[in-house]
Amino acid sequence: MTRLSQARSFLFVPGHRPERFAKALVSGADAVIIDLEDAVPLDAKAAARNALAQAWPDFDADQRARLLVRVNPLATPWHEADLAALGHWPGLGALMLPKAENPQQIARVFTACGVPVLPLIESAEGVGQMDAMARAPGVLRMGLGHIDLQADLGLSCGPDEAELAPIRLALVVASRRAGLPAPVDGVTTATTDAQVLAQDAQRSRRFGFGAKLCIHPAQVAGVHQALAPTEAECDWARRVLAAEIAAGGGAFSIDGKMVDPPVLLLARKVLHLQTRTP
């Protein structure tokens, strides 16, 4: 399992701003996404590719393994040039494919680049193909681009984004059925509101997501905190596993509730999340 499979935070940095690359790598983010797509003006696409190629020799092997590149979508005039530039980025951790809509697209990109692919679900067609794409060769884990998705579906979501609940759950289920790590949830656009970020990231964890996209370094610590189990949850898990040993394989209860194998599994997962670092 690669470090990116365990990553909790994926921080975007614009590809045409090379002075930010090193800062992003020391921000505390588990993974950094060099963005060639939305963050880059149309007239700076080639400059962004060149900037990354020039900066690449400055990254050590460990840093390269933490990097992803978000290429432009297949339907754009910059996609093929982005894929052709991959030869300048040896050791790249993964490629992020926006607007992914079918497993054939993923297979094509994986064959071309030879590195794991993180597809972003950003359209109705992508939602309909989630199960098939999760099973495509080369998929690292799945991601949700919920802002583009809202626009494609014509949704007008409230602050809790309850309208997207079925899609979030379906993406988690698709990932689990395909044997992938827990998927990556979308960004929080409020870069200075820690409470909104915490609420969004806590929702991500409740739905079963294992990571979240970030658009500002200040969001990284909050995402890590929200995705980690609370001390009360960890205390409960430790008591459950201690009681399991004391029971010697027999039936037992904790806090007046029966403990069976699914509860034991949950306790172990809680403690695994507590110690998780890529």
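As a reminder, the structure under discussion sits directly above these lines.
Residues numbered from 1 in each chain as written. Predicted model: local features only at pLDDT ≥ 70, side-chain atom pairs only at ≥ 80, totals over all residues. Heavy atoms only, no water.

J.: Would you take a moment to explain the overall build of the chain for this structure?
T.: Counting secondary structure elements, the chain contains 14 helices and 10 strands. Radius of gyration (C-alpha) of the chain: 20 Å, near the 19 Å computed for a compact globule of 278 residues. C-alpha extents for the chain along the principal axes are approximately 65 × 40 × 40 Å. Counting across all 278 residues of the chain, residues that qualify as buried make up 47%. Look at the contacts in the chain between residues 6 or more apart in sequence, and 65% of them connect residues 24 or more apart. In the form shown here, the chain has an accessible surface area of approximately 12,700 Å², with 57% of it arising from carbon and sulfur atoms. Computed over 27 positive and 29 negative side-chain charges, the inter-centroid distance for the chain is 5 Å. (Helix = DSSP H or I, 4+ residues; strand = E, 2+ residues; numbered from the N terminus. Rg over C-alpha atoms; globule rule 2.2 N^0.38 Å. Buried < 20%, exposed > 50% of the residue type's maximum accessible area, 1.4 Å probe, protein only. Contact = heavy atoms within 4.5 Å. Areas by Shrake-Rupley, 256 points an atom, 1.4 Å probe, with all protein chains shown as cover. Lys, Arg positive; Asp, Glu negative; His and termini not counted. Charge placed at Lys NZ, Arg CZ, Asp CG, Glu CD.)

J.: What's the story with the side chain of arginine 49 in this structure? I'm lost.
T.: Mapped onto the elements, arginine 49 comes out in helix 3 (residues 45-55). Overall, the relative accessible area of 14% leaves arginine 49 in the buried class.

J.: Sorry, what's going on with the side chain of arginine 141 here?
T.: Along the chain, the position of arginine 141 falls in the loop between helix 8 (130-134) and strand 6 (143-144). We note that arginine 141 is buried and unpaired, the nearest opposite charge coming from aspartate 30 at a distance of 7.6 Å. In this structure the side chain of arginine 141 is engaged in a polar contact, spanning 2.8 Å, whose partner is the backbone oxygen of leucine 4. Only 3.0 Å separates the side chain of arginine 141 from the backbone oxygen of serine 5, close enough to count as a polar contact. (Salt bridge = Lys/Arg side-chain N within 4 Å of Asp/Glu carboxyl O. Polar contact = N/O pair within 3.5 Å; in protein donor to acceptor, adjacent residues only side chain to side chain.)

J.: Sorry, what's going on with unusual backbone geometry here?
T.: In most cases, non-glycine residues show a negative phi, while peptide bonds are predominantly trans. Its identity as a non-glycine residue notwithstanding, lysine 99 has a phi of 55°, on the positive side. Along the chain, lysine 99 turns up in the loop between strand 4 (94-97) and helix 6 (103-113). Here lysine 99 falls in the partly exposed class, since its relative accessible area comes to 25%. Phi at glutamate 161 takes a positive value of approximately 50°, unusual for a residue other than glycine. Mapped onto the fold, glutamate 161 is located in the loop between helix 9 (146-153) and helix 10 (165-177). A relative accessible area of 12% places glutamate 161 in the buried class.

J.: Looking at this model, I keep getting lost on the pairing of strand 2 (residues 31-35). Mind explaining?
T.: Looking down a regular strand, the side chains alternate between one sheet face and the other. Counting buried residues along strand 2, 5 of its 5 residues qualify, which places the element largely inside the surrounding structure. Residues Ala31, Ile33 and Asp35 of strand 2 are buried on one face, and the alternating residues Val32 and Ile34, pointing to the opposite face, are buried as well. As judged from the 5 bridges shared by strand 1 (residues 9-14) and strand 2, these two strands associate in the parallel manner. Within strand 2, the position partnered with phenylalanine 10 by the bridge is alanine 31. Here 4 bridges tie strand 2 to strand 3 (residues 67-70), and the two strands are oriented parallel to one another. (Pairing = 2+ DSSP bridges.)

J.: Help me understand helix 3, please; the structure alone is not making it clear to me.
T.: Residues that lie three or four places apart on an α-helix share one face, since the helix turns once every 3.6 residues. The complete set of buried residues in helix 3 reads Lys45, Ala48, Arg49, Ala51, Leu52 and Ala55. Down the axis of helix 3, the buried side of the element spans an arc of 160°, and every buried residue falls inside it. Buried-residue contacts for helix 3 involve helix 2 (21-25), strand 2, strand 3 and helix 5 (79-84). (Arc of directions from axis to C-beta.)

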